[in-house]
Amino acid sequence: MVVELTFQQKTKELIDGLKGICANYGLGNDGNEFKIITQAFLYKFLNDQFAFEVKKKIPSLANNPNWEEPLYEMTEEQYGGLLLDLPQGVARLKTAHLIGQLFNQQNQADFAKTFDDTLIDIASSNTEVFSVKTEGGAKVILFDRISNFIADDSKKDDFCRAIINKLVTFSFEHIFSKGFDFYATIFEYLIKDYNSNSGGKYAEYYTPHAVARIMAAVLVPQEQRGKINNVSCYDPSAGSGTLLMNVAHAIGENRCSIYTQDISQKSSNLLRLNLILNNLVHSIPYVIQGNTILHPYHKEGKELKHFDYIVSNPPFKLDFSDYRNALDTKDNDKRFFAGIPKIKPKDKDKMEIYQLFLQHIIFSLKPTGKAAVVVPTGFITAQAGIDKKIRQHLIDNKMLAGVVSMPSNIFATTGTNVSIVFIDATNKDKVVLIDASNLGEKVKDGKNQKTVLTQAEEQQIINTFNQKEIKEDFSVVVSYEEITNKNYSLSAGQYFDVKIEYVDITPEEFATKMHGYTQNLEELFKQSHELEEEIKKQLAGLKYE
């Protein structure tokens with residue numbers, strides 16, 4: 001544990017050091033800063049992972065401070081054989097790609113070009129494994145020419161020299177046996193300045209870990225873990241992949257494949273990094289940058305692919321007026337079974353795009369599949385329109401597991417109250433509705449206020465849901481018929497019993513109370529009569545002039 005904390009601290013120092021270099025060269029808070037930080041970090045990670053695996057294959061190198069030198073002396077055939085023996089998901093690096101080689105060349109002329117050429121060659125050599133695709137089929141390779149982000153040519157060599165000197169300060173080699181929890185912390189620290197809801201038409205959305213953990217624990221209960229194998233997990237608005245990482249961790253990283261699509265190039269790059277850190281490299285070919293609603297990518301033959309698990313925190317409102325009518329086709333009748341939101345005469349940016357994502361998710365689920373989707377809480381009680389039609393579809397087809405209404409401000413970046421809808425087409429029994437709105441502690445998060453659930457509160461929600469427990473003013477377990485009779489409302493509060501409190505009193509106490517009520521009433525009548533007389537008197541005194 002001490003070793004783990006030490007490496008966490010050293011990793012954070014490396015990230016801070018890289019940010020410091022960017023700041024010193026005028027790139028602090030620049031739009032390209034996140035590319036430099038994440039790509040330099042990734043180069044370091046891949047280099048050290050390669051060293052770790054090579055030393056496992058050649059144990060004599062493990063304690064050799066100059067472990068690269070025997071590799072330089074290998075024949076081409078010997079080195080090729082070594083690369084073939086490395087596990088899948090490990091970058092195939094040439095000896096010229098190693099950080100030690102670049103470090104030794106840093107004082108040569110045109111070092112920035114050498115640095116950039118090395119990164120581009122790594123990307124080209126590993127393009128089949130590490131490239132993200134666009135919906136049009138183009139490949140987004142692993143690295144850019146980092147020195148191109150420096151406008152002043154005279155500073156490029158020094159900038160790349162500063163980076164390579166930072167990357168040699170310590171090695172990741174001792175932490176590759178660590179699991180999800182370690183890398184989740186590192187990833188969150190790495191992207192914390194770059195994955196915020198910064199506004200704009202296609203802002204990235206960040207899902208709190210508490211929400212992600214609850215979704216994963218309900219979709220994959222403890223008793224099922226280690227027993228699920230060879231399943232597909234999908235997020236049609238994946239962002240940086242927080243929800244998928246939690247589900248994959250619950251299932252087992254080597255037991256599932258991840259499929260994603262997201263319109264944001266930045267999110268797709270962050271997601272790729274997240275997959276690499278979490279031993280899910282085999283899923284990178286399924287990461288697609290593109291518009292899920294207009295051009296869904298993942299297919300089986302000519303039909304859309306269906307998935308075992310789907311998680312999503314889609315954008316709630318967005319202006320999609322420029323392609324709304326293109327969606328309104330016969331081919332989309334089944335996918336958007338409840339309808340397509342109309343273009344608003346005003347406030348086009350408030351078009352309810354989550355309704356399209358939710359319908360797409362329901363359509364994309366296998367008959368035995370499960371899904372968890374974050375929706376605005378207004379969805380669960382809307383009395384008409386597309387929201388109600390979607391709820392009616394879930395109830396009439398008996399494919400709902402339950403709903404959890406979360407505390408307000410669980411997302412620091414939005415004041416919209418949210419609920420999690422759990423879809424399960426195999427649940428023909430009763431449905432769990434939880435009102436968790438009173439849980440959590442309010443804390444300040446910068447300029448915003450957010451609600452934080454304790455670990456015990458998270459577990460309370462998970463246990464109540466998975467065990468279908470009824471708890472006063474917190475949860476109900478209801479039939480599909482009861483939901484139909486309540487106009488398809490999925491709000492737990494509408495099913496809570498109305499409580500009438502009874503107090504036992506003696507006949508004498510009852511008589512005393514009634515006497516008191518009668519006296520009070522007579523006094524009020526008397527005051528009312530006096531007031532009536534006074535008003536008449538005032539009216540009689542009025543004269544016409």
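Residues numbered from 1 in each chain as written. Predicted model: local features only at pLDDT ≥ 70, side-chain atom pairs only at ≥ 80, totals over all residues. Heavy atoms only, no water.

**Things to note about the pattern of salt bridges**
- This model, assessed by the stated rule, comprises 16 salt bridges.
- Among the salt bridges present, the one from Asp-48 reaches Lys-44, with a minimum N-O distance of 3.1 Å. Of this pair, Asp-48 and Lys-44 both sit in helix α2 (residues 33–57), separated by 4 residues, roughly a single helical turn.
- Of the charged contacts, one joins Asp-328 and Arg-324 as a salt bridge, the two residues approaching to 3.5 Å between their closest N and O atoms.
- For Arg-324, a relative accessible area of 11% puts it in the buried group.
- Among the charged side chains, a network of salt bridges with common partners joins Lys-113, Asp-117 and Arg-145. (Salt bridge = Lys/Arg side-chain N within 4 Å of Asp/Glu carboxyl O. Helix = DSSP H or I, 4+ residues; strand = E, 2+ residues; numbered from the N terminus. Buried < 20%, exposed > 50% of the residue type's maximum accessible area, 1.4 Å probe, protein only.)

**Focus: the nonpolar core**
- Phe-50, Ile-163 and Phe-422 are the most contacted members of the largest nonpolar core, which has 153 residues in total.
- For this core, the element with the highest residue contribution is α2, accounting for 12 residues.
- The residues touching Phe-50, leaving out its near neighbours within four places in the chain, are Trp-67, Leu-71, Tyr-79, Leu-83, Leu-86, Val-90, Ala-91, Leu-93 and Leu-98. (Core = buried A, V, L, I, M, F, W, Y, C linked by side-chain atoms within 4.5 Å. Contact = heavy atoms within 4.5 Å.)

**Here's the deal with the packing of aromatic side chains**
- One pass over the full model with this rule turns up 14 aromatic pairs.
- Between the aromatic rings of Tyr-234 and Phe-307, the centroid separation amounts to 4.1 Å while the plane-to-plane angle is 15°, which identifies the pairing as stacked. Remark: Phe-307 occurs in strand β8 (residues 307–312) and Tyr-234 occurs in strand β3 (residues 231–235); sequence separation between them is 73 residues. By the burial criterion, Tyr-234 is buried, and Phe-307 matches it.
- Members of the aromatic cluster, joined through ring pairs, are Phe-7, Phe-41, Phe-45, Phe-170 and Phe-172.
- Over the aromatic face of Phe-7 sits the side chain of Lys-10, whose NZ or CZ is 5.8 Å from the ring centroid.
- Its end group placed over the ring of Phe-170, Lys-44 keeps NZ or CZ at 6.0 Å from the ring centre. (Phe/Tyr/Trp six-rings, centres within 6.5 Å; stacked < 30°, edge-to-face > 60°. Lys NZ or Arg CZ within 6 Å of the ring centre and 35° of its normal.)

**Details of the packing of helix α10 (residues 209–219) against helix α16 (residues 455–466)**
- Close contact between α10 and α16 brings their axes to 10 Å; oriented N to C, the two are set at 25°. The orientation of α10 relative to α16 falls into the category roughly parallel. The handedness of the crossing between α10 and α16 is right-handed. Note on element contacts: α16 touches α10 through Glu-458, Ile-461, Ile-462, Phe-465 and Asn-466, opposite Ala-210, Arg-213, Ile-214, Ala-217 and Val-218.
- Across the contact of α10 with α16, the residue classes tally to 7 nonpolar, 1 polar and 2 charged. (Axes fitted to C-alpha atoms, helices over the stretch in contact; angles between N-to-C directions. Parallel < 35°, antiparallel > 145°, perpendicular 65-115°, else oblique. Left-handed = near helix turned anticlockwise from the far one by under 90°. Nonpolar A, V, L, I, M, F, W, Y, C, P; charged D, E, K, R; others polar.)

**Re the pairing of strand β10 (residues 400–405)**
- Counting buried positions along β10 gives 6 out of 6 residues, so the element sits mostly inside the fold.
- In terms of strand pairing, β10 meets strand β12 (residues 431–435) through 4 bridges, oriented parallel. When the bridges of β12 are listed, Gly-402 appears paired with Val-432. (Pairing = 2+ DSSP bridges.)

**Remarks on a nonpolar patch on the surface**
- A contiguous nonpolar surface patch, about 540 Å² in accessible area, is contributed by Val-503, Ile-505, Phe-510, Met-514 and Tyr-517.
- Structurally, the position occupied by Met-514 is in helix α18 (residues 507–540).
- A relative accessible area of 38% means that Met-514 is categorised as partly exposed. (Patch = residues over 30% accessible without salt bridge, like charges linked within 9 Å, V, L, I, M, F, W, Y side chains within 5 Å. Areas by Shrake-Rupley, 256 points an atom, 1.4 Å probe, with all protein chains shown as cover.)

**Observations concerning helix α12 (residues 265–277)**
- Between its terminal C-alpha atoms α12 stretches 19 Å, which fits the 18 Å expected from 13 residues at 1.5 Å a residue.
- Within α12, 11 of the 13 residues are buried, leaving the element largely enclosed by the surrounding structure.
- Turning to α12, its buried residues number three or more, namely Ser-267, Ser-268, Asn-269, Leu-270, Leu-271, Arg-272, Leu-273, Asn-274, Leu-275, Ile-276 and Leu-277.
- The opening residue of α12, the one whose side-chain oxygen lies 3.3 Å from the backbone nitrogen of Lys-266, is Ser-264.
- Backbone geometry just after α12 places Asn-279 at a positive phi near 60°. (Expected span 1.5 Å × (residues − 1). Polar contact = N/O pair within 3.5 Å; in protein donor to acceptor, adjacent residues only side chain to side chain.)

**Some details on the state of the cysteines**
- Applying the stated criterion across every chain yields a total of 0 disulfides.
- There is no disulfide at Cys-22, and the cysteine sulfur nearest it, in Cys-160, is 11 Å away.
- Residue class for Cys-22 comes out buried when judged on its relative accessible area of 1%. (Disulfide = S-S within 2.5 Å.)

**Some details on the sheet that holds β10**
- The sheet built from 11 strands is open, its strands ordered β2-β1-β5-β4-β3-β8-β9-β11-β10-β12-β15 with mixed pairing. The open sheet is flanked by β2 (139–140) and β15 (475–478), the only strands paired with a single partner.
- Pairing of strand β1 (residues 132–134) with strand β5 (residues 287–289) involves 2 bridges; the strand directions are parallel. Within β5, the residue paired with Lys-133 across the bridge is Ile-288.

**Quick notes on the packing of helix α14 (residues 354–364) against helix α15 (residues 385–396)**
- Viewed as axis vectors pointing N to C, α14 and α15 meet at an angle of 15°, and their least axial separation amounts to 10 Å. Considering their axes alone, α14 and α15 lie roughly parallel with respect to each other. Viewed along their axes, α14 and α15 form a crossing whose handedness is left-handed. Contact residues: Tyr-354, Gln-355, Leu-358, Gln-359 and Ile-362 in α14; Ile-386, Asp-387, Ile-390, His-393 and Leu-394 in α15.
- Here the residues of the contact of α14 with α15 are counted per class, giving 6 nonpolar, 3 polar and 1 charged.

**Overview of the environment of Tyr-25**
- Along the chain, Tyr-25 falls in the loop between α1 (2–24) and α2.
- Judged by its relative accessible area of 27%, Tyr-25 is partly exposed.
- Measuring from C-alpha to C-alpha, the distance between Tyr-25 and Asp-322 comes to 40 Å, with 297 residues separating the pair along the chain.
- Setting aside residues up to four positions removed in sequence, Tyr-25 forms contacts with Ile-150, Lys-155, Asp-158 and Phe-159.
- There is a polar contact of 3.5 Å between the side chain of Tyr-25 and the backbone oxygen of Asp-158.

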